[in-house]
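What the coordinates show
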There are 2 protein chains.
Amino acid sequence: MAYKVTPWEVSGDIDYGKIVKEFGLGVISDHLMKRIEKHTKELHPLLRRGVFFAHRDLNWILDEYEKGHHFFLYTGRGPSGHTHLGHILPWIFTQWLQEKFNADLWFQMTDDEKFLFNDRLDLEQTRKLAYENALDVMALGFDEKKTKIFLDTEYAKTLYPQALKVAKRLTFSTAKAAFGFTNESNVGEIFFTSIQAVPAFLPSVLKGKNIPCLIPHAVDQDPHFRVARDILPKLGYYKPASIQCTMLPGLKGGGKMSASEESSAIYTTDSPDVAKKKIMSAFTGGRDSVKEQREKGANYSICPIYHYYRLLFMPDDKELASLERECRGGSILCGECKERLSKRVAAFLSDHQHKREKAKAHIEKFMIRD
Amino acid sequence: MAYKVTPWEVSGDIDYGKIVKEFGLGVISDHLMKRIEKHTKELHPLLRRGVFFAHRDLNWILDEYEKGHHFFLYTGRGPSGHTHLGHILPWIFTQWLQEKFNADLWFQMTDDEKFLFNDRLDLEQTRKLAYENALDVMALGFDEKKTKIFLDTEYAKTLYPQALKVAKRLTFSTAKAAFGFTNESNVGEIFFTSIQAVPAFLPSVLKGKNIPCLIPHAVDQDPHFRVARDILPKLGYYKPASIQCTMLPGLKGGGKMSASEESSAIYTTDSPDVAKKKIMSAFTGGRDSVKEQREKGANYSICPIYHYYRLLFMPDDKELASLERECRGGSILCGECKERLSKRVAAFLSDHQHKREKAKAHIEKFMIRD
């Protein structure tokens with residue numbers, strides 16, 4: 001089945017093996033995982049389970065780290081709607097990296113991008129959404145002393161001159177090849193990747209010396225950083241390294257959770273009841289009848305409910321293996337499995353929403369602007 | 001002979017009559033001049049002599065003005081080098097308009113543009129040149145209470161979000177048609193006109209109500225404002241009006257003074273001696289021999305020396321008519337005519353440089369930044 005993975009569209013049954021080849025990514029091997037573990041003492045479930053499955057130059061990042069040349073982290077969010085569980089996946093992992101490597105984090109809110117690429121959003125809306133999303137970032141436990149969150153429009157005096165340096169090196173034909181622009185693309189869309197490239201070298205500009213950059217992100221953003229990796233060395237900066245994850249599937253199956261299709265995603269602002277309703281009506285890998293499922297078992301590999309456990313709600317490997325057995329063997333039915341997930345999601349949401357509320361009083365400790 | 005007039009290239013023998021038709025400009029008729037004179041009590045030589053020869057919606061600007069709905073002025077400078085006499089031509093006229101109509105002026109220094117379009121300039125150079133150029137603007141006598149000068153990179157937090165609104169409405173194919181971009185154009189060049197459009201409506205944004213905008217500029221900048229006129233009404237703002245002048249010819253004849261060909265231009269920072277040398281070695285409309293010139297007279301219409309008198313250094317119409325007669329009749333030779341011009345240029349430079357020096361202490365009264 002055909003699929004599409006670009007920064008602005010993810011659809012179809014994604015073949016991550018093919019993406020690795022097409023994009024020219026490195027795979028996270030057992031050897032590389034051990035190398036990480038040497039420093040972190042443990043492996044995050046998202047690494048162990050292959051959710052963060054690909055990278056660029058991660059060995060180089062560790063080489064530098066081992067020489068005492070520490071990296072900073074850069075990730076971000078396109079504020080086109082409220083935060084859903086798919087968005088926080090790479091952020092959870094980024095927070096873990098921050099803690100384990102004691103790394104600074106630059107978190108970019110691309111309110112400009114979401115305005116440019118989205119006909120139904122104005123700049124005031126993307127600005128407000130960025131501040132809403134920032135609360136979710138903060139709720140995940142980032143270190144206020146080592147984390148800077150900024151909106152592109154509010155940090156433009158700093159970002160724009162640096163973006164010009166990238167833009168000057170990027171022709172329309174290269175941008176077109178990377179992103180699939182057409183003659184009908186607007187000139188802001190065409191320019192935008194120059195802004196997304198900036199945080200990958202801004203700390204080096206501000207410190208006046210080169211600092212390695214590691215970008216944890218979902219694989220659909222790779223084209224931006226491919227472009228940045230081509231251009232930054234021409235400006236005298238390091239190529240940014242990256243560690244890339246798969247997308248969290250939508251509750252309706254396939255692709256990724258979409259911020260525009262509300263019922264396919266669980267938002268951090270959903271009440272436990274709303275989340276439960278979405279889960280209970282989700283697509284699963286179950287059979288047509290109870291009888292058939294009891295006899296033949298279900299297919300968890302295509303089941304979004306299973307993937308929610310695997311990616312976010314069942315960090316214990318033994319417990320997960322046991323669930324897999326139950327599912328495959330037909331001893332658990334989808335309804336019960338959904339009920340159990342709902343409880344875990346409800347607990348997560350209640351805790352997250354509490355932290356999110358508390359974050360409101362501290363937001364200025366995280367935000368930077370010109 | 002072929003000619004080319006774009007914001008980035010002016011060459012050949014320019015046929016301003018053709019440009020009026022091609023660009024779809026209005027001509028400044030006697031009727032329109034009288035309408036202006038009603039308010040200004042006198043006509044500036046640059047208007048009387050047809051140097052400001054074309055416009056867009058100038059009648060509308062006067063309609064609004066007569067209803068008590070005052071306009072603001074917007075003009076600018078691309079800081080690719082030191083200021084030469086060709087640059088100050090529209091600024092002198094803008095200062096006159098400011099005085100006569102008591103109008104605010106927004107003066108944009110497009111240091112971003114000159115960086116993007118010029119391989120030999122970095123951002124630090126364009127920034128420094130912008131500040132040098134600003135001294136020349138100030139030396140012309142603009143009202144410090146009614147004039148704001150800004151660099152695009154230093155005012156980006158204000159300009160960039162507004163530019164995004166323009167960019168979202170401008171497709172690559174429209175930008176390509178207006179400016180002749182190719183696949184090899186860089187993505188900053190393609191985006192840039194969005195930034196140049198902003199000062200035409202920024203005062204309306206800041207005041208929260210629509211204010212008419214009049215842009216005095218050399219005709220080569222018209223493509224930018226054609227694009228702005230298409231898009232601004234879609235954002236709820238007035239189309240900017242304009243009043244447009246011809247280019248000051250280069251001392252080597254043809255085209256316009258070029259900031260990159262030093263000997264073809266007199267810079268405001270040239271010493272009187274340097275200026276005199278440039279004038280004395282300039283192209284003229286003279287004959288091959290003194291004898292022939294005494295007999296047949298010279299052709300002042302193609303002579304840059306004559307145009308310097310007409311555009312800047314001989315505001316008295318009777319004096320100019322007398323010079324024309326002398327030239328046509330062969331009673332003045334080019335050497336003498338150049339000597340006379342050198343004296344006037346020396347007087348201007350000495351006065352301007354004095355004012356320019358004094359401006360250094362007051363620059364912060366004019367500059368705005370985020």
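Note that this is a predicted model, so its numbers are computed, not measured.

Turning to the overall build of chain A, a few remarks are in order. The helix and strand inventory of chain A stands at 18 helices and nine strands. Over its C-alpha trace chain A gives a radius of gyration of 21 Å, about what one expects of a compact globule, namely 21 Å for 370 residues. Overall size of chain A, expressed as C-alpha extent along the three principal axes, is 65 × 45 × 45 Å. Residues classed as buried in chain A amount to 50% of the 370 residues present.

The interface of chain A with chain B comprises 29 residues on the first partner and 29 residues on the second. The set of elements that each furnish at least two residues to the side of chain A that touches chain B consists of helix 6 (111-116), helix 8 (156-168), helix 9 (172-179) and helix 10 (187-197) of chain A. For the side of chain A that touches chain B, the element with the most residues is helix 8 of chain A, which contributes seven residues. In terms of residue class, the side of chain A that touches chain B is built from 15 nonpolar, eight polar and six charged.

Moving on, we get to the sheet that holds strand 8 (residues 213-218) of chain A. Residues and elements named next belong to chain A. Taken together, the seven strands give an open sheet; going across it, the order is 3-4-9-8-5-6-7, and neighbouring strands pair in mixed fashion. Unpaired on one side and paired on the other, strand 3 (26-27) and strand 7 (147-151) mark the two borders of the sheet. When strand 5 (residues 72-77) meets strand 8, the two strands line up parallel, connected through two bridges. From the neighbouring strand, Leu 73 faces strand 8, where its bridge partner is Leu 214.

Residues and elements named next belong to chain A. Among the five residues of strand 6 (residues 105-109), five are classified as buried, and the element is accordingly described as predominantly covered. Alternating residues of strand 6 divide into Leu 105, Phe 107 and Met 109 and Trp 106 and Gln 108, and every residue in both groups is buried. Pairing of strand 5 with strand 6 involves five bridges; the strand directions are parallel. What sits directly across from Gly 76, in strand 6, is Gln 108.

What follows deals with helix 4 (residues 58-66) of chain B. Residue and element names in this part refer to chain B. Of all the positions in helix 4, only Leu 58, Ile 61 and Leu 62 are classed as buried. The arc enclosing the buried residues of helix 4, seen along the axis, measures out at 95°, which places them on a common side. In the segment just after helix 4, Gly 68 is the residue with positive phi, at about 90°.

Take the domain arrangement of chain A next. Often the size quoted for an interface is simply the accessible area lost on bringing the parts together. All names here are of chain A. Segmentation of chain A into domains returns domain 1 (3-251) and domain 2 (262-358). Placing a centre on the C-alpha atoms of domain 1 and another on those of domain 2 gives a separation of 28 Å. Taken together, the contact between domain 1 and domain 2 spans 18 residues of the former and 20 residues of the latter. Looking at the side of domain 1 that touches domain 2, the elements with two or more residues in it are helix 3 (45-48), helix 5 (85-101) and helix 7 (123-139). It is helix 5 that provides the largest number of residues to the side of domain 1 that touches domain 2, a total of four residues. For the side of domain 1 that touches domain 2, a count of residues per class yields 11 nonpolar, five polar and two charged.

What follows deals with the pairing of strand 4 (residues 52-56) of chain B. Residue and element names in this part refer to chain B. With five of five residues buried, strand 4 lies mostly within the body of the structure. Pairing between strand 3 (residues 26-27) and strand 4: two bridges, direction antiparallel. Within the sheet, the bridge partner assigned to Gly 26 lies in strand 4 and is His 55. The sheet contact formed by strand 4 and strand 9 (residues 241-245) spans four bridges and is antiparallel. Bridge pairing links His 55 to Ile 243 in strand 9.

Before going further, it helps to spend a moment on the relation of the copies chain A and chain B. Take chain A, turn it by 180°, move it 0.0 Å along the axis, and it overlays chain B with an RMSD of 0.0 Å. Here the two chains are linked by the operation of a two-fold rotation axis. Among all residues of chain A, the minimum C-alpha distance to the rotation axis is found for A:Lys157, at 2.4 Å. The residues that chain A uses at the interface reappear at the interface of chain B in 100% of cases, marking a shared surface.

All names here are of chain B. Relative to the helices and strands, Asp 136 is located in helix 7 (residues 123-139). By the C-beta count within 10 Å, which is 23 here, Asp 136 ends up buried. When the C-alpha atoms of Asp 136 and Asp 152 are compared, they prove to be 18 Å apart, with 16 residues separating the residues in sequence. Among residues more than four places away in sequence, those in contact with Asp 136 are Thr 83, Ile 88, Thr 268 and Arg 356.

It is worth spelling out the sheet that holds strand 9 of chain B at this point. Residues and elements named next belong to chain B. Spatially, the seven strands line up as an open sheet ordered 3-4-9-8-5-6-7, and their pairing is mixed. Sheet topology places strand 3 and strand 7 (147-151) at the edges, where each strand pairs with a single neighbour. In this structure, strand 6 (residues 105-109) lies alongside strand 7, joined through five bridges in parallel fashion. Along strand 7, the bridge assignment pairs Leu 105 with Thr 147.

Turning next to the environment of B:Leu85. Residues and elements named next belong to chain B. Structurally, Leu 85 can be placed in helix 5 (residues 85-101). Take Leu 85: there are 24 C-beta atoms within 10 Å of it, and that puts it in the buried class. As for Leu 85 and Leu 311, which are separated by 226 residues in sequence, their C-alpha atoms are 9.9 Å apart.

All names here are of chain B. Viewed as axis vectors pointing N to C, helix 7 and helix 17 (residues 334-359) meet at an angle of 115°, and their least axial separation amounts to 8 Å. Relative to helix 17, the element helix 7 lies roughly perpendicular. When the axes of helix 7 and helix 17 are compared, the crossing they make is right-handed. Listed contacts from helix 17 to Leu 135, Asp 136, Met 138 and Ala 139 of helix 7 are His 352, Lys 355, Arg 356 and Ala 359. A per-class count over the contact of helix 7 with helix 17 returns four nonpolar, one polar and three charged.

What follows deals with unusual backbone geometry. Residue and element names in this part refer to chain A. Positioned with a positive phi, Asp 57 is a non-glycine residue whose angle comes to about 60°. Take Asp 57: it is sitting in the loop between strand 4 (52-56) and helix 4 (58-66). The class of Asp 57 is buried, set by 20 C-beta atoms lying within 10 Å.

Residues and elements named next belong to chain A. Across the interface, helix 8 lies against helix 10 with an axial gap of 8 Å and an inter-helix angle of 115°. The handedness of the crossing between helix 8 and helix 10 is right-handed. Contacts from Leu 159, Ala 163, Val 166 and Ala 167 of helix 8 reach helix 10 at Phe 191, Ser 194, Ile 195 and Ala 197. Here the residues of the contact of helix 8 with helix 10 are counted per class, giving seven nonpolar, one polar and no charged.

Residue and element names in this part refer to chain A. Note on placement: Asn 59 falls in helix 4. The exposure class assigned to Asn 59 is partly exposed, which follows from the 15 C-beta atoms found within 10 Å. Spatially, the C-alpha atom of Asn 59 lies 9.1 Å from that of Ala 241, the residues being 182 residues apart in sequence.

Parameters at a glance
- Residues numbered from 1 in each chain as written.
- Chains lettered and ligands numbered in written order.
- Predicted model: local features only at pLDDT ≥ 70, side-chain atom pairs only at ≥ 80, totals over all residues.
- Helix = DSSP H or I, 4+ residues; strand = E, 2+ residues; numbered from the N terminus.
- Rg over C-alpha atoms; globule rule 2.2 N^0.38 Å.
- Buried ≥ 20, exposed ≤ 12 C-beta atoms within 10 Å, placed from the backbone.
- Contact = placed C-beta atoms within 7 Å.
- Nonpolar A, V, L, I, M, F, W, Y, C, P; charged D, E, K, R; others polar.
- Pairing = 2+ DSSP bridges.
- Arc of directions from axis to C-beta.
- Domains from an automatic or database assignment.
- Least-squares fit on C-alpha atoms with pLDDT ≥ 70 in both.
- Axes fitted to C-alpha atoms, helices over the stretch in contact; angles between N-to-C directions.
- Parallel < 35°, antiparallel > 145°, perpendicular 65-115°, else oblique.
- Left-handed = near helix turned anticlockwise from the far one by under 90°.

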